[in-house]
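Now for the letters of each chain:
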Amino acid sequence: VPLAHAAYDVIIGEGLLADLPQLLERRCPASRYAIIADSHVAPLYAERVAATLAAKAPVTMAVFPAGEWNKTRESWGALTDQLLKAGIGRDGAILAVGGGVAGDLAGFVAATYLRGIPYVQVPTTLLAMIDSSVGGKAGVDTPAGKNLVGTFHQPKAVIADTATLATLPKAQLVAGMAEALKHGAITDRSYFERLLGLRERILDKNPDALVEVVRRSVEIKARVVVEDEREQGRRATLNFGHTVGHALEAAVGYALLHGEGVAIGMAIEAAIGVSLGITDRTDAATLRSAIERFGLPVEPPDELPFERLLDAMRHDKKARGESVRFSLLSRLGETARGSSGEWTIPVSEGVIRSVFAPGT
Ligand SMILES: NC(=O)c1ccc[n+]([C@@H]2O[C@H](COP(=O)([O-])OP(=O)(O)OC[C@H]3O[C@@H](n4cnc5c(N)ncnc54)[C@H](O)[C@@H]3O)[C@@H](O)[C@H]2O)c1
Ligand SMILES: [Zn+2]
């Protein structure tokens, strides 16, 4: 990720956890390490990582309860207190071992602890490997919505050991594919088509297929992040499917996985694009059927009142004023631009309503 002020490597491969001490030596040397992991990943991988690293430097384990609903200021506070109690100083570094929740939380702890210490992402979900571990967005959810408190803090490295995906439940694996389909849909049609060709091998966790997907998605995400680190423009394209997705996640109290919310969000935002004459109708249908072929949902749970969703979309930090701004597709592989070249397009409440709740 060749950022001028903070370039870093994303290292992808089978079995990398065993090489962690050597991989960290040059990229993130520290006199002590704190490992932040959730309660599922701690016994699966983080304790092993701690044992391998202990020969190099003292290691502190800081564990929080697994689940999106724990990506909160309270968890941030509890983890910070554990690091303070352990006496981690400015010569320390953090390893985020786990999914996107651990990565976002640990990144926010690292960004704020003693005004900022270095950290390394060690993603263990497909979603974290292909998306959340790269780009430096760190933060927590609040009752008002997802990711509303946070900052940018780039990691010193991302080390993605695809062997850890062996224990990942199928639903989590598939949820990660929503972000991969998004990467293809917003910038690279041939990658989108390749994903459909690799579908069975990905679902079987074929090691070569997984490495290929992680690698290509990371290339796409890194390119966008380098162009627009602080989301002044093009980075908003990565939010395709997320304005609706985040609202759904928040409205159902995180009973949907993030990737499931994004899958439904992409289908709905494509339909919004079609109804505005912005998104190609055939491509929107192709996207919808690709999402379904991966076993991901395309319809919101029907008991959700539209007003609640609209409120949630307005609380989303990307929503401003009366209309809600969306990053929309023009066709598969290409994001639509506004009349002055903007990367997001305002959509009125009436149009959103006509797609979400036709006839109301
Ligand atoms: N920072 C960003 O740019 C960015 C981008 C996309 C998503 N996100 C965030 O990422 C989060 C979603 O991440 P996620 O889907 O990885 O969720 P997650 O971190 O909650 O992980 C999902 C579940 O899988 C378990 N798990 C993790 N690795 C495992 C493994 N190898 N084997 C078995 N179980 C394992 C976890 O304990 C958890 O229960 C959301 O909060 C979302 O907002 C952030
Ligand atoms: Zn996402």
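One can find the structure itself at the top, above this paragraph.
Just so it is clear, the model here is predicted, and its values are computed rather than measured.

A. Examining helix 11 (residues 258-275) more closely. Along its 18 residues, helix 11 runs 25 Å from first to last C-alpha, staying within 8% of the 26 Å computed at 1.5 Å per residue. Most of helix 11 is tucked away: 16 of the 18 residues are buried. Taken from the residues just after helix 11, Gly277 is the one with a positive phi, measuring 75°.

B. The arrangement of the nonpolar core in detail. Core analysis: the biggest nonpolar cluster contains 51 residues, and Leu126, Ile202, Val213, Leu287 and Ile291 have the highest contact counts within it. Elements that contribute at least two residues to this core include exactly helix 5 (126-132), strand 8 (157-161), helix 6 (170-187), helix 7 (189-197), helix 8 (199-203), helix 9 (207-227), helix 11 and helix 12 (281-293). Those residues in contact with Leu126, other than ones at most four positions away along the chain, are Leu165, Leu168, Leu173, Gly176, Met177, Leu210 and Val214. In terms of nonpolar packing, the next biggest core, distinct from the first, is built from 25 residues, Leu16, Leu17, Val49 and Val120 among them.

C. Expanded view of the environment of Ala222. Note that Ala222 resides in helix 9. Classification of Ala222 as buried rests on a relative accessible area of 11%. Along the sequence, Ala222 and Gly135 sit 87 residues apart, while their C-alpha atoms lie 6.9 Å from each other. Once residues within four sequence positions are removed from consideration, Ala222 is found in contact with Val1 and Val134.

D. Region of interest: the coordination of the zinc ion (ligand 2). At this site the zinc ion (ligand 2) is bound by Glu179 (OE), His242 (NE2) and His258 (NE2), with donor distances of 1.9 to 2.1 Å. Residue class for Glu179 comes out buried when judged on its relative accessible area of 2%.

E. Structural context of the sheet that holds strand 4 (residues 92-98). Read across the open sheet, the six strands follow the order 1-8-5-4-2-3; overall the sheet is parallel. The sheet terminates laterally at strand 1 (9-13) and strand 3 (59-64), the two strands that pair on one side only. Along the sheet, successive strands turn relative to each other by an average axial angle of 15°, direction set aside. Relative to strand 3, strand 2 (residues 32-38) is paired through six bridges, and the arrangement is parallel.

F. Layout of helix 7. Burial in helix 7 covers these residues: Tyr191, Phe192, Leu195 and Leu196. Looking straight down helix 7, one finds that the buried residues subtend no more than 145° of arc, so they occupy a single side. Counted as exposed and oriented over 90 degrees from the buried face of helix 7: Ser190 and Gly197. Elements in contact with the buried residues of helix 7: helix 6, helix 8, helix 9 and helix 12.

G. Molecular detail of the packing of helix 7 against helix 9. Running from N to C, helix 7 and helix 9 cross one another at 160°; their axes reach a closest spacing of 12 Å. Between helix 7 and helix 9, the angle falls in the class roughly antiparallel. Classified by chirality, the crossing of helix 9 by helix 7 is left-handed. Between helix 7 and helix 9, the contacting residues are Tyr191, Arg194 and Leu195 on the first element and Glu212, Val213, Arg216, Ser217 and Ile220 on the second. Residues belonging to the contact of helix 7 with helix 9 are distributed by class as follows: four nonpolar, one polar and three charged.

H. How the structure looks around the side chain of Ser217. Position of Ser217 relative to the elements: it lies in helix 9. Residue classification places Ser217 among the buried residues on the basis of a relative accessible area of 0%. When neighbours within four sequence positions are excluded, Ser217 is seen to be in contact with Ile130, Ala180, His183 and Tyr191.

I. Highlighting the pattern of salt bridges. What the rule picks out here adds up to 23 salt bridges. Between Glu349 and Arg314 there is a salt bridge whose closest N-O contact spans 3.3 Å. In this pair, Glu349 is assigned in helix 14 (residues 349-356) and Arg314 in helix 13 (residues 306-315), connecting sequence segments 35 residues apart. Overall, the relative accessible area of 29% leaves Arg314 in the partly exposed class.

J. Fine view of the pairing of strand 3. The side-chain alternation of strand 3 yields one buried face, formed by Thr60, Ala62 and Phe64, and one unburied face, formed by Val59, Met61 and Val63. Note on the crossover from strand 2 through helix 2 (residues 41-54) to strand 3: the handedness is right-handed.

What counts and how
- Residues numbered from 1 in each chain as written.
- Chains lettered and ligands numbered in written order.
- Predicted model: local features only at pLDDT ≥ 70, side-chain atom pairs only at ≥ 80, totals over all residues.
- Heavy atoms only, no water.
- Helix = DSSP H or I, 4+ residues; strand = E, 2+ residues; numbered from the N terminus.
- Expected span 1.5 Å × (residues − 1).
- Buried < 20%, exposed > 50% of the residue type's maximum accessible area, 1.4 Å probe, protein only.
- Core = buried A, V, L, I, M, F, W, Y, C linked by side-chain atoms within 4.5 Å.
- Contact = heavy atoms within 4.5 Å.
- Donors = N, O, S within 2.8 Å, 3.2 Å for Na, K, Ca; no water.
- Pairing = 2+ DSSP bridges.
- Axes fitted to C-alpha atoms, helices over the stretch in contact; angles between N-to-C directions.
- Arc of directions from axis to C-beta.
- Parallel < 35°, antiparallel > 145°, perpendicular 65-115°, else oblique.
- Left-handed = near helix turned anticlockwise from the far one by under 90°.
- Nonpolar A, V, L, I, M, F, W, Y, C, P; charged D, E, K, R; others polar.
- Salt bridge = Lys/Arg side-chain N within 4 Å of Asp/Glu carboxyl O.
- Right-handed = clockwise from strand over helix to strand, strands pointing away.

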